[in-house]
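A look at the structure
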Amino acid sequence: MTQTMQRKLNDSVVARWGALILIALMMFFAYMFVDVISPISSLLETQRGWSPDVYGTVVGSEYFLNVFVLFLIFAGIILDKMGVRFTGLLSAGLMIIGAGIKLYGISDYFVGGGFGWEFFNSFWPSMPGSAKVACIGFAIFGCGAEMAGVTVSRAIARWFDGKEMALAMGVEMAIARLGVTAVFFLSPRLAAIAPESVVRPVAVVGALLCIGFLTFLVFTFMDRKLDRQMGNIEEIEEDKFKVKDLGNLFGSKTFMIVAFLCVLYYSAIFPFQKFAVPMLQNTLAISSQEASDLFAWFPIGAMILTPLLGAFLDFRGKGATMLILGAILMCACHLTFALVPLTKPIAYIAIILLGVSFSLVPAALWPSVPKLVDGRYLGSGYSVIFWIQNLGLWAFPLIIGKTLQATNPGVSEQIQAGVEGVTYNYTVPMLVFASLGVLAFFLGIWLKRLDTKNHYGLELPNVKK
Ligand SMILES: NCCCC[C@H](NC(=O)[C@@H](N)CCCCN)C(=O)O
């Protein structure tokens, strides 16, 4: 038997990190689009009549098809059957189509009585037509964005198997956070160019999604080469996936704990991200641009620390402990926003600490999944976690929007009528977020206990010496 081992493309440091940058760029632009309207929600309230309730419905719609049409479950199956290249390009295409529809919905042409305006205003009167069309577009975009997230995780797990996987996932997430930082900086500035407009940021960031499609296209050539070098090993592995494997995932206690920890934790992060700017703006009595610049430190903190903590996990382990610490920090920050009389320095400290929490949990959570799920249905494993997570990401913006409106009666009406100096009180919504941290903390403890008992290796390093 010949003992010569062929050096594969992912054995080259430059090639595997180059591949990572290409796929991460797609996520960079995707995350920019996800939050493009977050810093301009006040402007949407005055220019398009979107109350917090309407705004919450629009931002939650990103996850609607994923959750209720089970798109994410199909996405995992498509990924395990069709592979990373097809699924990645499909998801990038869906993001572009969805972004185009959302842009149309808020465009001046549409709200000025353009094609479909009459129809979309003929039902559900509390939702403006612009918001309804934006919901449809964002829901399609969300299918692409979440499918892309699963695909990227699957691709990294393959390219970095037995290598610096957690660091690679950390770098990918850091690049995505950079996208969030960039959009919190750019969006209000683009909107503020005279004449002030909510359309401009959405149009610009929507166009950037096309660059993401192209970078992923380049990655597919590299991935094809890696596939050829791996011979038919990969094909045989992917062939083995059966739909009944989904039953194994839903039946695994540890897997489900990770999935629930994920939904609880992320429901207090991404939905918060949608309300953070108006919360800071109202609580500190500052402009939306100032609030946006302050909040930009959250993804910046996460961006710097996630790869470092990923590397820590690769070489030292302690994944379950990191999850527990992250939940504690998140809870403490939200309690601060809810209960402490807020000043700018306190807000800065809380935002930065929340960024630290947002490094600990993602850096530990995603690289831990391959330790719990068989490689042949890892794509489905990620998509089931995303599906459960998306349920929370859909529900919490709605819950928070409704809570905010219910605990501040008459405020939205006064703002839309142009009354000056009226503000929202965010205490109750922030307590809702904090309570999610408490539950995530207990799940983290449970997970660590199970790991000690059953030796999943969650506390062990990834890099094999
Ligand atoms: N490839 C990294 C794994 C996922 C990272 C994680 N993203 C998610 O959980 C998405 N399902 C939700 C993204 C919300 C914005 N659309 C993350 O930490 O960003």
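Attention here is on the structure that accompanies the text. (Residues numbered from 1 in each chain as written. Predicted model: local features only at pLDDT ≥ 70, side-chain atom pairs only at ≥ 80, totals over all residues. Heavy atoms only, no water.)

Okay, the pattern of salt bridges next. Within the structure shown, the criterion is met by twelve salt bridges. The shortest N-O distance in the salt bridge between lysine 163 and aspartate 11 comes to 3.2 Å. One end of the pair, lysine 163, is in the loop between helix H9 (129–159) and helix H10 (165–192); the other, aspartate 11, is in the segment before helix H1 (13–34), and 152 residues separate them in sequence. Here aspartate 223 and arginine 85 are joined by a salt bridge, their closest N and O atoms 3.0 Å apart. A residue pair is termed long-range when its members are at least 10 positions apart, and aspartate 223 in helix H11 (residues 199–229) and arginine 85 in helix H6 (residues 84–106) qualify at 138 residues. For the pair shown, aspartate 223 and arginine 85 are each scored as buried. (Salt bridge = Lys/Arg side-chain N within 4 Å of Asp/Glu carboxyl O. Helix = DSSP H or I, 4+ residues; strand = E, 2+ residues; numbered from the N terminus. Buried < 20%, exposed > 50% of the residue type's maximum accessible area, 1.4 Å probe, protein only.)

Close to the ligand lie 17 residues, the nearest being Tyr31, Glu146, Glu172, Tyr266 and Gln389. Glutamate 146 places a polar side-chain atom, nitrogen or oxygen, 2.6 Å from a nitrogen atom of the ligand. Here an oxygen atom of the ligand sits 2.6 Å away from a polar atom, N or O, in the side chain of glutamine 389. When the ligand sits alone it has 500 Å² of accessible area, and the protein chains cover 97% of it. Applying the majority rule of atoms within 2 Å of the grid points places the ligand in the largest cavity. Of all elements in the fold, only H1, H9, H10, helix H19 (344–372) and helix H20 (378–407) reach the threshold of two or more residues within the shell around the ligand. Residues that form the shell around the ligand fall into these classes: ten nonpolar, three polar and four charged. (Near = heavy atom within 4 Å. Polar contact = N/O pair within 3.5 Å; in protein donor to acceptor, adjacent residues only side chain to side chain. Areas by Shrake-Rupley, 256 points an atom, 1.4 Å probe, with all protein chains shown as cover. 1 Å grid on protein atoms, 1.4 Å probe; cavity = no way out; pocket = protein on both sides within 12 Å on 5 of 7 lines; lining within 4 Å. Sits in = over half its atoms within 2 Å of the grid points. Nonpolar A, V, L, I, M, F, W, Y, C, P; charged D, E, K, R; others polar.)

Here the residue pair alanine 194 and proline 195 is connected by a cis peptide bond, since its omega of -5° sits within 30 degrees of zero. Of note, proline 195 is situated in the loop between H10 and H11. Although it is not a glycine, tryptophan 124 adopts a positive phi angle of roughly 45°. Mapped onto the elements, tryptophan 124 comes out in the loop between helix H8 (117–120) and H9. Exposure remark for tryptophan 124: the relative accessible area of 46% places this residue in the partly exposed category. One non-glycine residue, alanine 285, lies in the positive phi region at around 55°.

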